Each structure stands twice: as structure tokens, then as C-alpha cells.
Amino acid sequence: MDGRGFGARGLCTAIASTEGDLREAAVAVLRANDVGGWTRPAPRLYPHQWSWDSAFIAIGLAHVDPQRALAELEHLFAAQWSDGRVPHMVFDPRVEDYVPGPGLWASAASSDAAPRGVATSGLIQPPMHAIAAEHVWKIAGARADREFVARIRALYPRLLAWHRYLARERDPDRSGLLTIYHPWEGTDNTPRWDAALARLAVGERGSYSRTDTSLVGASERPSKAEYDRYLWLVDRLRLAGYDDTKIRRDHPFQIKDVQCTAIFAAASHALGAIASKLDMPVAERDEINSWVATSSVAVRDRFDEELGLVLDHDLATHEAIRVRTSAGLSALILPELPSALRERLVGTAFGEDFAGATGLAHPVIPSTSPRAPEFRPRAYWRGPTWPVINWLLWWGLERHGSGERASTLRRANLALLSRSGARFAEYFEPYTGEPLGSIDQSWTAAVTLDWLAAPRGSAPS
Ligand code: 9WN
């Protein structure tokens, strides 16, 4: 069961009193969640491999064992579809009691593009992977021997095919903005999707079991009405054979997602850096650079002066989604960001809508603004603080020279993560710091490791 040289067991129970203790505890979480060359996002709640989780996990593992960090991405990309998509979930056949399981997706039975030897979902998640690969290579430094570089070289065409899938199928009209088909393509029950979901006439769906609500309080998780819609949307995608051309024709949930797009722009920038280091053909590098430029401009153009955020666009209504969530700050990670826009976004991030909101336990960025009518402090993506999203925004601040803001945010997150009983929770109640969702969540431990290593290594060059 144990992974490549990274298999020791033992869950973290210690209270972190020093940075050294916190690091040790974070490493212990990643070891305990290692199930053989890849890492489950959480011990019980998420027992399979999830796409963007593995990218963040690789970012953390880079500081512990760069070889193993690379293996995390390799295992995920071994399940890549022939059309280039990287599935949002890769199922572990040893885990049979997780619902919804592989049967809901029927990936191989529904699409010729799906891999044969492994069961996967048919959705995607934000493309963090090239960012992770570049980071792992950088942190590896002198440990990146010939074999390591050969592995990066072997991963590169898979990363390129992934980005080509996104550009070709998720942005066929070259708007620069990527379309998502399902709330599971990122931040599940964020209020950004409320109006689009409310429009779906899904009818009555009988009762069914769910792993999430058997482990976490139902009030913290998506409601039955939301989950009915998630399942109904998957039914439609499966019936369309996960064929993007068919899906685009009449799928009722198609949204231009600014957060996914900002990650694509940043990841394309990272992919371009990898391509240069590997001396890949100029035409390929130009193609990659064109994604950086087009998607950066497109996200910047979504800036709303009144809310001080970039906004998603609903293709069904042709309207902007005017909800105040941390996704609206994601322009901070764009490779190209004019300083005036950066200052506006920094103002929103640290103002009353987010980290500067009155009464927060720590000045960190909650998933939904406490001043938004949709805010609910314990409900998943509708208010709680997600360290992994704070990491992303911190990384953006570092990249754009907002060093002081970045270190304030890093310190505040580390203070939250060092609280007694914090246990690398999936998300936290913003006013009390109470850990919620799963404890021992891998990507929380992973970003903690990267924060603890900063400023030695994690800020992009
Ligand atoms: C559905 C694993 C995943 C994250 C997602 C998060 C949550 C799954 C769920 O957990 O989604 O994919 O069951 O709710 O929303 O971002 O990748 O950590």
C-alpha cells in the first residue's frame, strides 16, 4: 500500500507549538494519506484521487521528496483521456463503499476517449498541474538529476495535451475564458452557481446515499436540492458521451469561470517556462504564450468596478454573476496584471468584504464575503475559509510584488493552522477558527508545508 519511499503511517494528533512541529504534523498527514504513489485528499471523506488536490499536494511534497511529488502528477496523468482531458477523479478500485462511485460516470462505457484500465469521472477541475510541475522542478534544485528531468520531459506532452483540450473544447470561440459544465469542476456549492442551478428543472429524485453527509454534518454540505442537480447534470453529461460538441449544444449549465481561467493563464505561463527549459519547439511555445495572453486579458476584462472583483459569465443568460466570493480575487494570480488593477484587487481582498471583515478570528480570506447575502459561515464554499485558496491568492500577491500583503496573509493562515485542534481541516469557520469538513485534509497540509518553506522557495520567479 505504501508509496515510493513515502509510506510511513501515523495520523497527526499533535498540537503544533512551533513551526517545526507544524511541519512534522503536515508531513505526517501526507504520509498517512499516501495510498501507493498517490495521495487521497482526506482519510475517509475523499478516498480516491482528485485532480487539483494532487497538484497542490505535489506543491507541498516538493519540500519533502520531489521525486514523490512528481509521481503524484504522473499517477493522475496516467488516467488522462485521449482527448487530453484530465479527469477530476481517478477511482481507487480498492475502495468500494464511496458514493457516488464509478457507476455514476460509466466513463469507459460512455466515451471512446476515456481510459480503459481505470475508472474516472468525466469532469475536469482547475488546471493547477503545470504550476505544480514547475514548482516541483524548481524546489528540486540540484536533486533534479537526469532521470528526474527525463520524467518532466515525459510529463510535458501530457500537460500540453491537457491545455490544448482546455483551449479547444472549453473555449471554442477563443474568448479566452474557459467554460465549466458542473459545480464539481471546482468549488461545488459556491453561491456563484445558485441562480444557474435554480433554473434547472430536475424533477423529484428519490432518496440515495452520500458519503459526504454520512461523515460531515449535512448543514455544512451541499443540500439535497443542490445534490439532486449535481447528479442530474452528470446524467446529462454521461448521456452525451462526455462529448464536448454535443454538450455545448444544449447543456443547461455552461459558465465562463474566472477562477478556472485565471489558473489556466498562470498554468500556461508555468508550462511555457517548462517548455523553454526543455527547449521545446518555438511554435509550441508561441501556442502556449497565446493562451497566457488571451486568458489574462479576458479575466482582466471581467473586472467589475462596483464590486472590485472579476466576475463569471453565465452563457445561458449572457449575464455576469454578481456574487462576492474569493473567486473574484483570482485575477491576482494572472501572469500579467497591471498595477492599478492589482491595487484594486488588493483593496478588496484586505478590505471589509474579505480579510478585513469585522470579527474574523484571523485576517484570512473567506470563500464568500461575510457582507454577501449568501454568506453562511459553516457551509462549505459559502463562507468558510479554505487555506488552499488563501495559498493561491498569497502566491499571486508574491508574484506581483505585494510582498508585505503576502506575508501578512501567510502569517495569518499559519496562525489559523497552528491553533490547537486545527488538524489541517478542509475549511474553517471564519469567526471562531473552528475546523470543519474533513480533518487531515492533504491539500491543507501541503500548502502549510509550502508556507513554512517560504520565502526560501515558493514564490514564482
Ligand atoms: C466533489 C476533494 C474535492 C475538491 C473540491 C471540493 C470537494 C467533491 C465533493 O472535494 O469536491 O468533487 O465531494 O464535494 O469541492 O474542490 O477537489 O478535496
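In this text the structure is predicted, and so the values were computed from the model without any measurement.

K.L.:
Outline the site of the ligand, supporting the account with residue identities and numerical values.
P.N.:
The immediate surroundings of the ligand are formed by 16 residues, with Trp50, Asp53, Gly186, Asp188 and Tyr380 found nearest. Summarising the interface, the protein chains cover 98% of the accessible area of the ligand, which totals 410 Å² for the free molecule. Broken down by class, the residue content of the shell around the ligand amounts to nine nonpolar, four polar and three charged.

K.L.:
Run through the side chain of histidine 362, naming residues and quoting values.
P.N.:
Topologically, histidine 362 is positioned in the loop between helix H14 (339-350) and helix H15 (387-399). Look at histidine 362 and you get buried, because its relative accessible area is 14%. A polar side-chain atom of histidine 362 sits 3.0 Å from a polar atom in the side chain of arginine 419.

K.L.:
Quick rundown of the packing of aromatic side chains? Include the residues and the values.
P.N.:
Enumeration according to the criterion identifies 25 aromatic pairs in this entry. Arranged with centres 5.3 Å apart and planes meeting at 80 degrees, the rings of tryptophan 52 and tryptophan 443 form a pair that is edge-to-face. Remark: tryptophan 443 occurs in helix H17 (residues 442-453) and tryptophan 52 occurs in helix H2 (residues 51-61); sequence separation between them is 391 residues. Per residue, the accessibility class of tryptophan 52 equals that of tryptophan 443, and both read buried. A network of ring pairs unites the aromatic residues Trp52, Phe56, Tyr380, Trp381, Trp386, Trp391, Trp394, Trp395, Tyr427, Trp443 and Trp451 as a single cluster. Over the ring of tyrosine 227 we find arginine 210; its NZ or CZ atom is 3.7 Å from the centre of that ring. Over the ring of tyrosine 380 we find arginine 221; its NZ or CZ atom is 4.1 Å from the centre of that ring.

K.L.:
So what's going on with the packing of helix H12 (residues 258-277) against helix H13 (residues 282-300)? Which residues, and what values?
P.N.:
Helix-helix packing is described using two parameters, namely the angle between the two axes and the distance between the axes. At a minimum axis distance of 8 Å, the contact between H12 and H13 shows a crossing angle of 155 degrees. Compared by their axis directions, H12 and H13 come out roughly antiparallel. Read as a crossing pair, H12 and H13 show a hand that is left-handed. Contacts between H12 and H13 involve Val258, Thr261, Ala262, Phe264, Ala265, Ser268, His269, Leu271, Gly272, Ala275 and Ser276 from the first element and Arg285, Ile288, Trp291, Val292, Ser295, Ser296 and Val299 from the second.

About the criteria used
Residue indices follow the written sequence of each chain, beginning from 1 at its first position. With pLDDT at 70 or above as the cut-off, local features in this predicted model cover only qualifying residues; side-chain atom pairs require 80 or more to be listed or tallied, and sums for whole chains, interfaces and linings still use all residues. As a rule here, side-chain values cover all heavy atoms of the structure and leave hydrogens and water aside. For each residue, the test is whether any non-hydrogen atom lies within 4 Å of the molecule or strand; if one does, the residue is near. Computed with the Shrake-Rupley method and a 1.4 Å probe, the accessible areas treat only the protein chains shown as cover for residues. Nonpolar residues are Ala, Val, Leu, Ile, Met, Phe, Trp, Tyr, Cys and Pro. Charged residues are Asp, Glu, Lys and Arg, and all others, Gly as well, are polar. Counting from the N terminus, the helices are the DSSP runs of H or I reaching at least four residues and the strands are the DSSP runs of E reaching at least two. The rule is simple: take the accessible area with a 1.4 Å probe, protein chains only, and divide by the maximum for that residue type; under 20% is buried, over 50% is exposed, in between is partly exposed. The definition of a polar contact used here is a pair of N or O atoms within 3.5 Å, where within protein one atom must be able to donate a hydrogen and the other to accept one, and adjacent residues in sequence count solely through side-chain atom pairs. Under the pairing criterion, centres of Phe, Tyr and Trp rings, with the six-membered ring standing for Trp, must be within 6.5 Å; the plane angle then separates stacked pairs below 30 degrees from edge-to-face pairs above 60, leaving the rest tilted. In this scheme, Lys NZ or Arg CZ marks a charge over a ring once it lies within 6 Å of the ring centre and within 35 degrees of the ring normal. Helix axes use the C-alpha atoms of the stretch in contact, all axes being lines fitted to C-alpha atoms, and the angles between their N-to-C directions lie in the range 0 to 180 degrees. Oblique is the label for every angle not falling under 35 degrees (roughly parallel), over 145 degrees (roughly antiparallel), or within 65 to 115 degrees (roughly perpendicular). We call a crossing left-handed when the near helix sits turned anticlockwise from the far one by less than a right angle, and right-handed when that turn is clockwise. We call two residues in contact whenever any of their non-hydrogen atoms come within 4.5 Å of each other.

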